[in-house]
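What follows is each chain in one-letter form.
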Amino acid sequence: MKRLRKCAVAQPRARQTRRESDYVIVGGGTAGCVLANRLSKDGTKKVTLLEAGGDDSWVWLKIPIGYLFAMMNKRVDWCFATTPQGHLNGRRIAMPRGKVLGGCSSINGTIYMRGQRRDYDEWAVANPGWSWDDVLPYFKGNMDYYRGADALHGAGGEWAVSAPRVHWEVLDVFQRAAAENGIPVTDHFNTSDEQACGYFQVTHRRGVRCSASTAFLHPILHRRNLNVVKHALTRRLIIEGGRCLGVEYEDAKSKNVREIFGKEVILAAGSINSPHLLQLSGVGPRALLEKHGVAVVRDAAGVGGNLHDHLQIRPAFRLKDGTTTLNQLTKSYLQMVWMGVQYAASRSGPLAMAPSQFGAVARSSPGEATPDLEFHVQPLSCTRLELGDLDDFPGVTLSVCNLRPTSRGTVALSGNSVHSPPTIDPNYLSTPDDQLKAVLGIRLARTLISSPAFAHLAPVEVRPGPAEQTDQELVAAAADIASSIFHPVGTCKMGPASDPGAVVDSRLRVHSVERLRVVDCSVMPSIPSGNTCSPVVMLAEKAADMIKEDTLKLAHA
């Protein structure tokens, strides 16, 4: 996989004027857009938002199925990949990360999930203020729920949550199969922590993707106290005397290097780039920094550690000829034209779909207190998730992931320049528990596809294939058909200073470095039991309130 081009690093030009802001936000992704909105709202604070990518005006960032064109496209994606994974037969796994305004919310699958109450209550054990009851108001506050406000949902906010605009027979069949196996139907996964199946609700507004940039940033670009700088590649944080004073960044087009100073710097670059930038700035494990010739500002063992992700195992099944799936529709020129007409006329049809439209959450065994498996059911089958690589036969994929993986990995420097991409090693399937959950997930997928509801579609397993039966064979098979579902978290873990692996405190301030916070998925101590985009929006909302509260306290100190 091709990486970012290596290029000569321009030397800083002499500063003629000192550029300053009250808040400098590094990263115009999901969290950065929310922060920019909330911190600039009252007009009294100058806010600068630095984004390494460009504008989000590309049409495929608006059409929901554009996910299939945007991911691993250098125009809008960092195009990261992992190191060869020892427990995935040496395969490198793609790790898309948005490099565009809106970040991953501009290229993701648009599924609205929050996770389970237990996720946040477990965070709060070491991090006061992060329990489910603490965070629920931040989920609700920005929500524009299509059914209106209730005890769990908000209405009238920026973050649109809608019902899907297209249904498929094969997904309705899966719903009946799940019900036959004790997984009840739901119309919204975020109302309980019990087993359930149903169509995912999505962050769309009238059939168009509602990204964080669409929802939170574009409506406020007129604010005079907000400066959005695109194509601004942050090289390092400027840290002196234990304080973060500002940011050094490179104009990606001219290669000129500039500096901007702030009363507070907020790192919102995501679970890969945030720890990488800390390490490039001298905050990280001493041995790693010294190995790459980076001066140690603070020996912080946890920076880049605790990396974990949802690994999806992708069993695929051939269905009888004549079954309608996306496989056939994309092979027909007339069908492709018709899909375009449908979308243009009514913002409906296959172009309006999230790639994974239907889901289920289930227990891998009766001993699990809450569901620990999530299915993303897709009316398609493929070896690579791109439209041009769909199979030639009708197919369905029952992608299943372990919601609470125990494997842990790292993000680390590969050199002392931002142009040297980070080394990403999630260490997938490295624990017996994760291997067992992979086996149980495949077995449950086979049980569901073998249910009476599916009989008339005559499903035949094509990946991994029915010959794989023993636990050992299924672990090996999982290694061949697994990929990331793109939820990396934990690399700047939130926790008390007494925890050697913690990078930020419960107010998201970096330990032992003043005037510096991290606000993105990297601070999550453990991964939520669901998709991660909306939890990041919640996290940024809560962080904005904490930042304003702390700023006010300092002003009156």
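One can find the structure itself at the top, above this paragraph.
Note that the structure is a prediction, hence the values are computed from the model and not measured.

Trainee: Teacher, can you tell me more about the overall build of the protein chain here?
Mentor: The helix and strand tally for the protein chain stands at 13 helices and 25 strands. Scaling as 2.2 N^0.38, a compact globule of 557 residues should have a C-alpha radius of gyration of about 24 Å, and the protein chain matches this with 23 Å. Structurally, the protein chain occupies a C-alpha span of about 75 × 50 × 45 Å along its principal axes. The 557 residues of the protein chain split such that 61% are buried. A fraction of 70% describes how many contacts in the protein chain between residues 6 or more apart in sequence connect residues 24 or more apart. Taking the average location of the 63 positive side-chain charges in the protein chain and that of its 54 negative ones, the two points are 7 Å from each other.

Trainee: Explanation requested: the side chain of D77 in the structure shown.
Mentor: Of note, D77 is situated in the loop between helix 2 (67-70) and strand 3 (80-81). Buried D77, no salt bridge; nearest opposite-charge side chain is R97, N-O distance 6.6 Å. At 2.8 Å, the side chain of D77 and the backbone nitrogen of R97 are in polar contact. In this view, D77 contacts A70, M71, M72, P96, R97, K99 and I107; residues no more than four positions away in its chain are not counted.

Trainee: Whenever I open this one, the state of the cysteines confuses me. Can you help?
Mentor: Overall, the coordinates contain zero disulfides when judged by the stated rule. Between C197, a free cysteine, and C401, which holds the nearest cysteine sulfur, the sulfur-to-sulfur gap is 16 Å. Here C401 stays free of any disulfide, with the sulfur of C521 as its closest cysteine sulfur at 14 Å. Classification of C401 as buried rests on a relative accessible area of 2%.

Trainee: Even after reading the chapter, I still don't get the pattern of salt bridges, so can you show me in this structure?
Mentor: Note on pairing: side chains with opposite charge can pair once their charged atoms come close. Enumeration over the complete set of coordinates arrives at 32 salt bridges. In this structure, E158 and R38 form a salt bridge, with 2.8 Å as the shortest nitrogen-oxygen distance. Of this pair, E158 sits in the loop between strand 5 (143-145) and strand 6 (159-161) while R38 sits in helix 1 (residues 30-39), placing them 120 residues apart in sequence. On the accessibility criterion, E158 (24% relative accessible area) is partly exposed. R38 sits in the buried class, given a relative accessible area of 12%.

Trainee: What should I look at first to understand the packing of helix 11 (residues 432-449) against helix 12 (residues 471-481) in this one?
Mentor: Relative orientation and spacing of two packed helices are given, respectively, by the angle between their axes and the distance between those axes. At their nearest, the axes of helix 11 and helix 12 sit 9 Å apart, and the two run at 95° to each other. Looking at the two axes, helix 11 sits roughly perpendicular to helix 12. Taken together, the residues of helix 12 that come into contact with helix 11 (itself represented by Q435, A438, V439, I442, R443 and R446) are D471, L474, V475 and A478. When grouped by side-chain class, the residues that make up the contact of helix 11 with helix 12 number six nonpolar, one polar and three charged.

Trainee: Even after reading the chapter, I still don't get the pairing of strand 1 (residues 20-26), so can you show me in this structure?
Mentor: Along any regular strand the residues' side chains alternate between the sheet's two faces. Within strand 1, six of the seven residues are buried, which leaves it mostly tucked inside the rest of the structure. Where strand 1 and strand 13 (residues 257-267) come together, six bridges link them in parallel fashion. Note on strand 13: the bridge partner recorded for Y23 is E264. Sheet topology note: the strand 1/strand 2 (residues 47-50) ladder contains four bridges and is parallel. Considered in strand 2, the bridge of V26 is made with L50.

Trainee: In this structure, what is going on with the environment of T83? I would like to understand it.
Mentor: Mapped onto the secondary structure, T83 falls in the loop between strand 3 and strand 4 (94-95). Separated by 342 residues in sequence, T83 and D425 have C-alpha atoms that sit 5.5 Å apart. Ignoring anything within four residues of it in the chain, the contact list for T83 reads R91, R92, T423, I424 and D425.

Trainee: How should the nonpolar core be read in this particular structure?
Mentor: Side chains that are nonpolar tend, in soluble globular proteins, to be buried together. L35, L278, L398 and L508 are the most contacted members of the largest nonpolar core, which has 157 residues in total. It is helix 13 (residues 533-555) that contributes the most residues to this core, ten residues altogether. Once residues within four sequence positions are removed from consideration, L398 is found in contact with F174, I313, P315, F317, F375, H376, V377, A445, L448 and I449. Membership of the second largest hydrophobic core comes to six residues, among which are I111, M113, A196 and F200.

The rules behind each value
Residues numbered from 1 in each chain as written. Predicted model: local features only at pLDDT ≥ 70, side-chain atom pairs only at ≥ 80, totals over all residues. Heavy atoms only, no water. Helix = DSSP H or I, 4+ residues; strand = E, 2+ residues; numbered from the N terminus. Rg over C-alpha atoms; globule rule 2.2 N^0.38 Å. Buried < 20%, exposed > 50% of the residue type's maximum accessible area, 1.4 Å probe, protein only. Contact = heavy atoms within 4.5 Å. Lys, Arg positive; Asp, Glu negative; His and termini not counted. Charge placed at Lys NZ, Arg CZ, Asp CG, Glu CD. Salt bridge = Lys/Arg side-chain N within 4 Å of Asp/Glu carboxyl O. Polar contact = N/O pair within 3.5 Å; in protein donor to acceptor, adjacent residues only side chain to side chain. Disulfide = S-S within 2.5 Å. Axes fitted to C-alpha atoms, helices over the stretch in contact; angles between N-to-C directions. Parallel < 35°, antiparallel > 145°, perpendicular 65-115°, else oblique. Nonpolar A, V, L, I, M, F, W, Y, C, P; charged D, E, K, R; others polar. Pairing = 2+ DSSP bridges. Core = buried A, V, L, I, M, F, W, Y, C linked by side-chain atoms within 4.5 Å.

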